[in-house]
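# Secondary and tertiary structure notes
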Amino acid sequence: MIDVLVIGGGNAALCAALSAVEHGARRVVVLESASRAERGGNSIHTRNIRVMHDSPMGYLTEAYGEDEFFDDLIRVTGGKTTEELARQVIRASSECPQWMQRYGVRFQACLGGTLHLSRTNNFFLGGGKALMNAYYRSAESLGIQIQYDSPVERLEIDRKGFQAAWVSDKAGGAHRLPAKAVVVASGGFESNREWLREAWGPAADQFLIRGCRFNQGVLLRDLIAQGAQSIGDVTQGHCVAIDARAPMYDGGIVTRIDCVSLGIVVNKEGQRFYDEGEDFWPKRYAIWGRLVAQQPDQIGYSIIDAKAQGRFMPPVFPGESAQTIEALAVKIGLHPDALSKTVSAYNAAVVTGRFNHAVLDDCHTEGLTPPKTHWAQRLDTPPFTAYPLRPGITFTYLGVKINNKCQVLFDDYSENLFAAGEIVAGNVLGQGYVAGVGMTIGSVFGRLAGQQAALAAMRRPQEELCI
Ligand SMILES: Cc1cc2nc3c(=O)[nH]c(=O)nc-3n(C[C@H](O)[C@H](O)[C@H](O)COP(=O)(O)OP(=O)(O)OC[C@H]3O[C@@H](n4cnc5c(N)ncnc54)[C@H](O)[C@@H]3O)c2cc1C
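This structure is a prediction, so every number in the text was calculated from the model and none was measured.

What counts and how
Residues numbered from 1 in each chain as written. Predicted model: local features only at pLDDT ≥ 70, side-chain atom pairs only at ≥ 80, totals over all residues. Core = buried A, V, L, I, M, F, W, Y, C linked by C-beta atoms within 7 Å. Buried ≥ 20, exposed ≤ 12 C-beta atoms within 10 Å, placed from the backbone. Helix = DSSP H or I, 4+ residues; strand = E, 2+ residues; numbered from the N terminus. Contact = placed C-beta atoms within 7 Å. Near = placed C-beta within 6 Å. Nonpolar A, V, L, I, M, F, W, Y, C, P; charged D, E, K, R; others polar. Axes fitted to C-alpha atoms, helices over the stretch in contact; angles between N-to-C directions. Parallel < 35°, antiparallel > 145°, perpendicular 65-115°, else oblique. Pairing = 2+ DSSP bridges. Right-handed = clockwise from strand over helix to strand, strands pointing away.

### Side note on the nonpolar core
- Formed by 144 residues in total, the largest nonpolar core has its most connected members in V4, A16, A17, V182, V183, A419 and A453.
- No other element matches helix α12 (residues 437-459), which puts 11 residues into this core.
- In this view, V182 contacts L5, I7, F162, A165, N416, L417, F418 and A453; residues no more than four positions away in its chain are not counted.

Right, here's the structure in full:
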């Protein structure tokens, strides 16, 4: 009999599986939709985790305390968070780096560019792919059984709790897999175009999915249909502006356009529509997908001049460049007069200050709507470069409600049914995002869910099991 069944193959799932073994579960099985080659979900695309710490820790500089972390979260979520769970995640994050290293994860110094993260975020050596490979290696060496190509289509739940998972097979059928406890860590529904369309309408047809194609939200839907309480708004999620030329799935980090705060962004009419310098990029990058989604045809263009070159992480596709703004407009299909007028108005409104991209500097515009509050410099040094932008959905926030043991809440809590990762992100993130908190949520709740599932499995009386 399986003690703990873990559904999903990303960070939250592997943290849960490793933690379940740590806490005494003897037979732990991981069911991953993807093949071995494609395993790891969105987690393979990650680069860092946000971590609370009271003093310098490894590559993390200075201190980043609970209240500051919580304030950062409150600012981006506008208060839409469950404070008890958010503080639980923040406090437990301080133990994550050490735990992760135990299972082979290694860290490196913070990467440069427009992310000012050396104090708050721990970067994975080799990125999320290396992190997931380390977890899988550790899991295999501990005897955790990994079953690839194993999408779960539904959960069998009765009044005594979780009984079994129904796993699809290639022949079109499904087989029943009973277990004493389960951790559902199967991501959000961001890979499911139909569901995105239900939430966003036809605009969703222009969205690109930054991560894997496996997070279809099958179990999120199944759980809600079976009475699990949901949390979060279906249209909320992490959605950034990415290169419009990115592939439909798995474009990953290299398609993100990180020069927004160094220039201006216009829509297809050549008009600016939001303050590009509102705050530091790590606190603002996650609003730009939504902003582009609200523009005509869901397209935008990030425009910089030569002064910005070398100051941001270069994306994988080179931008279009030209010696004049008008020539650039022609190259990217905008009306030259419209773009030229927008740039002239912006240039005229810039108040010269002391440019410093590492602080909220005094370079700003005056008398311009929308304003640019920091890092405003005239676009006056050719060549001028443009990157086309589309909304790139990273992950969705609609999830199932959990308590502080990661038990999924129905009318009551579920004794042996736990959830972790993106599928519970909405408990902490009602809206907005601070860089690195996705992995914090997944790591903390993954570990906790695995621990609690192991304890539940050991407690579960035999007569409750429908084997
Ligand atoms: C490009 C990109 C960059 C990112 N960078 C960062 C970063 O640097 N820091 C950060 O904190 N966050 C980052 N994120 C967000 C981060 O990836 C997520 O918060 C985190 O990986 C979620 O972990 P998870 O385990 O819940 O989901 P995932 O890693 O997506 O795993 C979900 C798993 O469930 C499997 N699955 C889905 N449905 C089923 C089913 N029915 N049956 C069986 N298996 C199923 C999938 O195959 C997958 O393996 C990034 C995301 C993307 C896309």
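Having put the structure on the table, let's press on.
### Section: the site of the ligand
- Neighbouring the ligand are 44 residues; G10, G41, G211, G421 and G438 lie closest to it.
- Of all the secondary-structure elements, those providing two or more residues to the shell around the ligand are α1 (11-22), β3 (48-50), α7 (218-225), β18 (384-396) and α12.
- Per-element tally for the shell around the ligand: the top contributor is α12, with 4 residues.
- A per-class count over the shell around the ligand returns 17 nonpolar, 23 polar and 4 charged.

### Examining the packing of helix α3 (residues 83-93) against α12
- Put simply, α3 and α12 touch, their axes get as near as 9 Å, and they point 85° apart. Classed by the angle they form, the pair α3 and α12 counts as roughly perpendicular. Each of V89, A92 and S93 in α3 lies in contact with α12, whose residues at this interface are T440, I441 and V444.
- In the contact of α3 with α12, the residues fall into 4 nonpolar, 2 polar and no charged.

### Examining the environment of V167
- Tracing the chain through its elements places V167 in strand β8 (residues 161-168).
- When the C-alpha positions of V167 and D149 are compared, they lie 9.6 Å apart, and in sequence the two are 18 residues distant.
- Not counting residues up to four positions away in its chain, the partners in contact with V167 are L31, S150, V152, A174, H175 and L177.

### Concerning the pairing of strand β2 (residues 28-31)
- Here 4 bridges tie strand β1 (residues 2-7) to β2, and the two strands are oriented parallel to one another. Bridging from a neighbouring strand, I7 pairs with L31 of β2.
- In the classification by handedness, the crossover that spans β1, the intervening α1 and the parallel β2 is right-handed.
- Pairing analysis gives 3 bridges linking β2 to strand β6 (residues 145-147), with the strands arranged parallel. Its bridge partner lying in β6, L31 is registered against Q147.

### Considering the sheet that holds strand β4 (residues 107-108)
- Read from one edge of the open sheet, 3 strands run β3-β5-β4, paired in antiparallel fashion. Both outer strands of the open sheet, β3 and β4, are each paired with one neighbouring strand and no more.
- As paired elements, β3 and strand β5 (residues 121-124) share 3 bridges and run antiparallel to each other. Note on β5: the bridge partner recorded for I49 is N122.

### Observations regarding the pairing of strand β14 (residues 300-304)
- The element β14 is largely enclosed, with a buried count of 5 among its 5 residues.
- Examined bridge by bridge, strand β13 (residues 264-267) and β14 share 4 bridges and lie antiparallel to one another. Counted as the bridge partner of N267 is G300 from β14.
- Alignment of β14 against β18, held across 5 bridges, turns out to be antiparallel. Across the sheet, G300 pairs through a bridge with L389, a residue of β18.

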